[in-house]
Amino acid sequence: MDLTSPPLSLKDNGFSMINPDPFHTSEDKMERLKEELKEWKERVAKAVKAKDDLLLCKISADEEYVKAEQELIKLKDFQEKQRKDIIMSRDTHERELYILNQENAELMREIERIKEELAECSSVLSQEHQIKKKVAEIKMKLSHMEDMTDDSPETNIHCVFGVTTKIPFRLNQNQALLTFEDEEVAQRLIKMGKHTVNLDNKIADVRVKPFTLEMGIKFELHVTISGKKINVSEIPELSIPEDWMRDKLELNFYKSEQGGGGEVENVTYNKQSRTAVITFLRPGAANAFVRCTKYPFFVNGRCYRLSVSPNTNVHLEKFQLYCGISKKTILLKGIQEMEDDEESVQDMIEIHFQKPSNSGGEIEKIKYVSKGGTWVCFEEDT
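Let me begin by describing the structure that accompanies this report. (Residues numbered from 1 in each chain as written. Predicted model: local features only at pLDDT ≥ 70, side-chain atom pairs only at ≥ 80, totals over all residues. Heavy atoms only, no water.)

A word on the pattern of salt bridges
Applying the stated criterion across every chain yields a total of 12 salt bridges. Residue Asp85 pairs with Lys81 through a salt bridge whose shortest N-O separation is 3.1 Å. Residue Asp85 and its partner Lys81 are both found in helix H1 (residues 27-126); the two are separated by four residues, about one turn of the helix. The class of Asp85 is partly exposed, set by a relative accessible area of 35%. Among the ionic pairs, Glu220 bridges to Lys318, the shortest N-O distance being 3.6 Å. On the criterion of sequence distance, the pair formed by Glu220 in strand E6 (residues 216-233) and Lys318 in strand E10 (residues 302-322) is long-range, its members being 98 residues apart. Salt bridges here are not isolated pairs; linked through shared partners, they connect Glu110, Arg113 and Glu117. (Salt bridge = Lys/Arg side-chain N within 4 Å of Asp/Glu carboxyl O. Helix = DSSP H or I, 4+ residues; strand = E, 2+ residues; numbered from the N terminus. Buried < 20%, exposed > 50% of the residue type's maximum accessible area, 1.4 Å probe, protein only.)

Have a look at this one:
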């Protein structure tokens, strides 16, 4: 074939002519692509749905985060408030603890002071004849005699004294105390409170008050005087052994020429205090020395005068405090000053409160003070 010959068809040349697919895709391939497109669309739809779900989850998570953040802020605020409260409470407790420690230290000092006073009082009470308070002379009544319960009833003399203190009360100026025979009268006047009293044609408004007394003390003082023992003091200081001094004391009281005495059971001698306790063998032997205050002591050719006193055992029993309340007595306050003398004003007050028309009654005692003040004493009813 040359260039001048007409063109031959491909078919003529042994080739078949096929129209090419412009997209180079066959029908099967198109179907596959369609299926694949469908799958991708489904995947996209699922991805969109997953995205939407993730967005919803994110929104929900953001809301939870905001809530958690708010809760955290609240918790932090609460913790801060608690911290401040704890600090304030700690400071308050520290101040209270400091005050308590101060009070405790003060109480400890007070306890030590009271202990010292108690030890001092105990030391005083433990010694004989240390009561220095003056007691007014009073009549004593021996109520009865009892036999002792020990093996030698005639040996000791036992005395019991009942002691009850009087309770003092301070009565100030222009005040009066009235004690009625009937308790109901006093209580009725106290409930009324105020009273109008005619004092020499002068009207006075007085106030009726109850009053509280201090505590009273009562106890029994038991005194036992030994019938076998005597106390000896002012023993002379001699340059002899203690055993010799005990022997000389024993011999001296064994050979008593003033009556009493007798065989000595024991001698307790204290050289430092120059005292001794002589115990006789015979019960009642010491009774002869009750009225004897000085006793001769012959030693080394000289005569000394020994002080002799009964051997006593003193102790308290039934010691108790009692509350001082006088239900029959009233206190008048607000009494005006009068030109009349104190006794006349007291009589006018007594007359007023004796009248039943004034809610009064029979008066046992009355005390009025116009100037200054005075002390009155109350005794326990017997």
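Next comes the rest of the write-up.
Focus: the sheet that holds strand E4 (residues 194-199)
Taken together, five strands build an open sheet; the order of strands is E4-E5-E11-E3-E12 and the sheet is antiparallel. Among the strands making up the open sheet, the edge pair consists of E4 and strand E12 (363-369). Strand-to-strand twist of the sheet, defined as the mean angle between neighbouring strand axes without regard to direction, takes the value 30°. With three bridges connecting them, strand E5 (residues 202-209) and strand E11 (residues 329-333) associate as antiparallel partners. Bridge assignment links Val208 to a residue of E11, and that residue is Leu332. The sheet strands contacting helix H2 (residues 183-192) are strand E3 (175-180), E4, E5 and E11, and the helix crosses E11 at an angle near 35°. Against the sheet, helix H4 (residues 342-354) engages E3, E4, E5, E11 and E12, with an angle of about 140° to E12. (Pairing = 2+ DSSP bridges. Axes fitted to C-alpha atoms, helices over the stretch in contact; angles between N-to-C directions. Contact = heavy atoms within 4.5 Å.)

Side note on a nonpolar patch on the surface
A grouping of Met215, Leu316, Phe319 and Leu321 is seen on the molecular surface, where their side chains present a nonpolar patch of about 420 Å² in accessible area. Within the fold, Leu321 resides in strand E10. (Patch = residues over 30% accessible without salt bridge, like charges linked within 9 Å, V, L, I, M, F, W, Y side chains within 5 Å. Areas by Shrake-Rupley, 256 points an atom, 1.4 Å probe, with all protein chains shown as cover.)

Description of the packing of aromatic side chains
Any two aromatic rings considered together are summarised by their centre-to-centre distance and by the angle between their planes. What the rule picks out here adds up to two aromatic pairs. Aromatic side chains Phe219 and Phe319 sit 6.0 Å apart centroid to centroid with 25° between the ring planes, which places their arrangement in the stacked category. One end of the pair, Phe219, is in strand E6; the other, Phe319, is in strand E10, and 100 residues separate them in sequence. According to the relative accessible area criterion, Phe219 is buried, its value standing at 19%. Seen from their ring centres, Phe253 and Tyr295 are 4.7 Å apart, and the 10° between their planes marks the pair as stacked. Here Phe253, found in helix H3 (residues 242-254), pairs with Tyr295, found in strand E9 (residues 294-299); they are 42 residues apart in sequence, far enough to count as distant. (Phe/Tyr/Trp six-rings, centres within 6.5 Å; stacked < 30°, edge-to-face > 60°.)

Description of H2
Along H2, the residues that are buried comprise Val185, Ala186, Leu189 and Ile190. Down the axis of H2, the smallest arc covering the buried residues is 135°, so these residues share one side. Opposite the buried face of H2, at more than 90 degrees from it, the exposed residues are Glu184 and Lys191. Buried residues belonging to H2 abut E3, E4, E5, E11 and H4. Of the residues that open H2, the one with a side-chain oxygen 3.1 Å from the backbone nitrogen of Glu184 is Asp182. (Arc of directions from axis to C-beta. Polar contact = N/O pair within 3.5 Å; in protein donor to acceptor, adjacent residues only side chain to side chain.)

Focus: the pairing of strand E2 (residues 167-171)
Along E2, the buried face is formed by Ile167, Phe169 and Leu171; none of Pro168 and Arg170, which line the opposite face, is buried. As paired strands, E2 and strand E13 (residues 374-378) are joined by five bridges and run antiparallel to one another. Residue Leu171 lies in a different strand from E13, and its bridge partner there is Thr374.

A few points about a negative patch on the surface
Taken together, Glu27, Asp28, Glu31, Glu35, Glu36, Glu39 and Glu42 make up a surface patch of like negative charges. Summarising the element assignment, Glu39 is placed in helix H1. (Lys, Arg positive; Asp, Glu negative; His and termini not counted. Charge placed at Lys NZ, Arg CZ, Asp CG, Glu CD.)

A look at unusual backbone geometry
Although it is not a glycine, Glu234 adopts a positive phi angle of roughly 60°. Locating Glu234 in the fold gives a position in the loop between E6 and H3. Here Lys318, not a glycine, exhibits a phi torsion of approximately 55°, which is positive.

Side note on the nonpolar core
Within the largest apolar cluster, 24 residues are counted, with the highest numbers of intra-cluster contacts made by Ile230, Leu249, Phe253, Ile278 and Phe280. Put simply, the parts of the chain that give this core at least two residues each are E6, H3, strand E7 (264-270), strand E8 (275-280), E9 and E10. Aside from chain neighbours lying at most four places away, what touches Ile278 is Lys228, Lys229, Ile230, Val232, Leu249, Phe253, Val264, Asn266 and Val267. Within the second largest apolar cluster, 23 residues are counted, among which are Ile190, Val206, Met348 and Ile363. (Core = buried A, V, L, I, M, F, W, Y, C linked by side-chain atoms within 4.5 Å.)

Description of the pairing of E9
Two strands pair when backbone bridges link them, and E9 and E10 are joined in this way by six bridges, in the antiparallel orientation. When the bridges of E10 are listed, Pro296 appears paired with Arg305.

A closer look at the side chain of Thr179
Mapped onto the elements of the fold, Thr179 is located in strand E3. Classification of Thr179 as buried rests on a relative accessible area of 16%. In contact with Thr179, other than residues within four places in its own chain, are Lys328, Thr329, Ile363, Glu364 and Lys365.

In short, geometric facts, not functional conclusions.
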